[in-house]
Amino acid sequence: MVKAAGTFGRSGSHDYILLRASSVVIFLFTLFMIGFFASTANVTYEIWSGLFSNLWMKVFTLLTLTAVLIHGWIGIWQVLTDYVKATGVRAFIQFLFSVGLIVVWLAGLFVLWGV
Amino acid sequence: MKKYTFSVYRYNPDVDNAPHMKEYTLEVEDNQDLMVLEALIKLKEKDPTLSFRRSCREGVCGSDGMSINGKNGLACITHLSSLKSDKIVIRPLPGLPVIRDLIVDMSQFYQQYEKIKPYLINDDKTPPARERLQSPEERAKLDGLYECILCACCSTSCPSFWWNPDKFVGPAGLLHAYRFLIDSRDTATEERLDELDDAFSVFRCHGIMNCVNVCPKGLNPTKAIGHIKSMLLSRAV
Ligand code: SF4
Ligand code: SF4
Ligand code: FES
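Everything numeric here is computed off the predicted structure, so don't read it as measured data.

Asks: Any chance you could explain the overall build of chain A here in plain terms?
Replies: For chain A, the helix and strand inventory stands at four helices and zero strands. Shown N-terminal to C-terminal, the secondary structure of chain A runs as helices and strands in the order α-α-α-α. Here chain A has a C-alpha radius of gyration of 17 Å; the compact-globule value for 115 residues is 13 Å, and the former is much larger. A burial count over chain A gives 35% of its 115 residues as buried. Put simply, 67% of the contacts in chain A that link residues at least 6 apart link residues at least 24 apart. As displayed, chain A offers around 6900 Å² of accessible surface, 77% of which is attributable to carbon and sulfur atoms.

And the structure:
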């Protein structure tokens, strides 16, 4: 029986709230990026690194990466518990995705650190 | 005379290695319309090995849920004319183990129903002498919920139930769960919600609404599930 193990949240409603909240953050970041590219005709290295040197932008980006981590973790777990019935295989795929998501988050952290 | 071709799922585990579809033809008078169940009974007169469940033959008992041209419904209240086709494909309800032909093993469906404790719980130490009264408004909240006949058409059309029939309660069970959650006479609301607040029981419903699409009683399990989610979420925040 797969119960809470593997999920990010403590309960079904906790998972649900995390999923919705993280999707709002990802949506806002996407909107911001679309706005940035639409309003900036020529994105040079200076403009791009200037944007990410702002503290608020670093926080916003890291927040979004955290949202991606949470959203991806729960989402993948939900899809896998629907479609992959063999526990070992499911655990292995979940492991790959979870490690991948953490790697993305850490990579983002160090990139932002360096700007 | 109008001629119908029936393609019916046949499987008798005692003699068949694998399920197969069997073709039948049936002639119906031009001015006559049959229910799918009546047609099946006529086919059974010709081929007595054909097996299916039925009882009330008027949409009350919930025995003859089956997949008719790809959509779950009760054979006894589905007119042949409503199918708009002279080719009719009949299969057992999807997702449940087949016992024989159109007869499925409903155990998993009933286990989920049992899980939600489908009875009134009231811890009142001094029960009223005659009856527990409800105002007309309180009683009205049960409309659209109590009418369910447990035919399983909804749960067996729900992908979330197909993938996790042992963990997701399914639309029928959740409709009943909500029926007791909002009953003014039931005092176990918190305990009931506790038992539903895992990642599967309620939250595996992703609002696909297949259940609403097929319910032969015109009920709306998705709406009831939405209410349960709101109750769970308002406790969580
Ligand atoms: S709305 Fe929910 S219960 Fe109904 S079919 Fe969809 S997932 Fe299943
Ligand atoms: S909700 Fe409708 S489809 Fe589902 S079991 Fe009840 S009567 Fe049948
Ligand atoms: S035979 Fe009772 S519902 Fe169809």
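Asks: When you look at the UniProt feature "binding site: a ubiquinone" (unreviewed entry) in chain A in this model, what are you seeing that I'm missing?
Replies: In the UniProt entry, the feature "binding site: a ubiquinone" (unreviewed entry) is given for A:Tyr83. Within the fold, A:Tyr83 resides in helix H3 (residues 55-83).

Asks: Explanation requested: the pairing of strand S4 (residues 71-74) of chain B in the structure shown.
Replies: A regular strand places its side chains on the two faces of the sheet in alternate fashion. Residues and elements named next belong to chain B. Here four bridges tie strand S3 (residues 65-68) to S4, and the two strands are oriented antiparallel to one another. In the strand pairing of S4, Ile68 is matched with Lys71. Taken together, S3 and the strand that follows it, S4, pair antiparallel across an intervening segment of two residues, in which Asn69 is found at a positive phi of about 45 degrees.

Asks: In this structure, what is going on with the packing of helix H1 (residues 12-39) of chain A against helix H2 (residues 45-53) of chain A? I would like to understand it.
Replies: For any two helices packed against each other, one specifies the crossing angle of their axes together with the interaxial distance. Residues and elements named next belong to chain A. Where H1 meets H2, the axes come as close as 13 Å, and the angle between the chain directions of the two elements is 145 degrees. Where H1 crosses over H2, the handedness of that crossing is right-handed. In this structure, H1 uses Phe32, Met33, Phe36 and Phe37 to contact H2, whose residues at the interface are Ile47, Trp48, Leu51 and Phe52. Taken together, the residues of the contact of H1 with H2 break down into eight nonpolar, no polar and no charged.

Asks: Where do I start with the domain arrangement of chain B in this structure?
Replies: Residue and element names in this part refer to chain B. Domain annotation of chain B identifies domain 1 (2-104) and domain 2 (107-236). The C-alpha centroid of domain 2 is placed 30 Å from the C-alpha centroid of domain 1. Each partner contributes residues to the interface: domain 1 has 15 residues there, and domain 2 has 14 residues. The largest contributions to the domain 1 side of the interface with domain 2 come from Lys71, Asn72 and Leu96, which together make up 38% of the buried area. The interface formed by domain 1 and domain 2 holds zero salt bridges in total. Looking at the side of domain 1 that touches domain 2, its residues break down into eight nonpolar, six polar and one charged.

Cut-offs applied
- Residues numbered from 1 in each chain as written.
- Chains lettered and ligands numbered in written order.
- Predicted model: local features only at pLDDT ≥ 70, side-chain atom pairs only at ≥ 80, totals over all residues.
- Heavy atoms only, no water.
- Helix = DSSP H or I, 4+ residues; strand = E, 2+ residues; numbered from the N terminus.
- Rg over C-alpha atoms; globule rule 2.2 N^0.38 Å.
- Buried < 20%, exposed > 50% of the residue type's maximum accessible area, 1.4 Å probe, protein only.
- Contact = heavy atoms within 4.5 Å.
- Areas by Shrake-Rupley, 256 points an atom, 1.4 Å probe, with all protein chains shown as cover.
- UniProt positions renumbered as here; feature names shortened; annotations may be inferred.
- Pairing = 2+ DSSP bridges.
- Axes fitted to C-alpha atoms, helices over the stretch in contact; angles between N-to-C directions.
- Left-handed = near helix turned anticlockwise from the far one by under 90°.
- Nonpolar A, V, L, I, M, F, W, Y, C, P; charged D, E, K, R; others polar.
- Domains from an automatic or database assignment.
- Buried area = accessible area lost by both parts, 1.4 Å probe.
- Salt bridge = Lys/Arg side-chain N within 4 Å of Asp/Glu carboxyl O.

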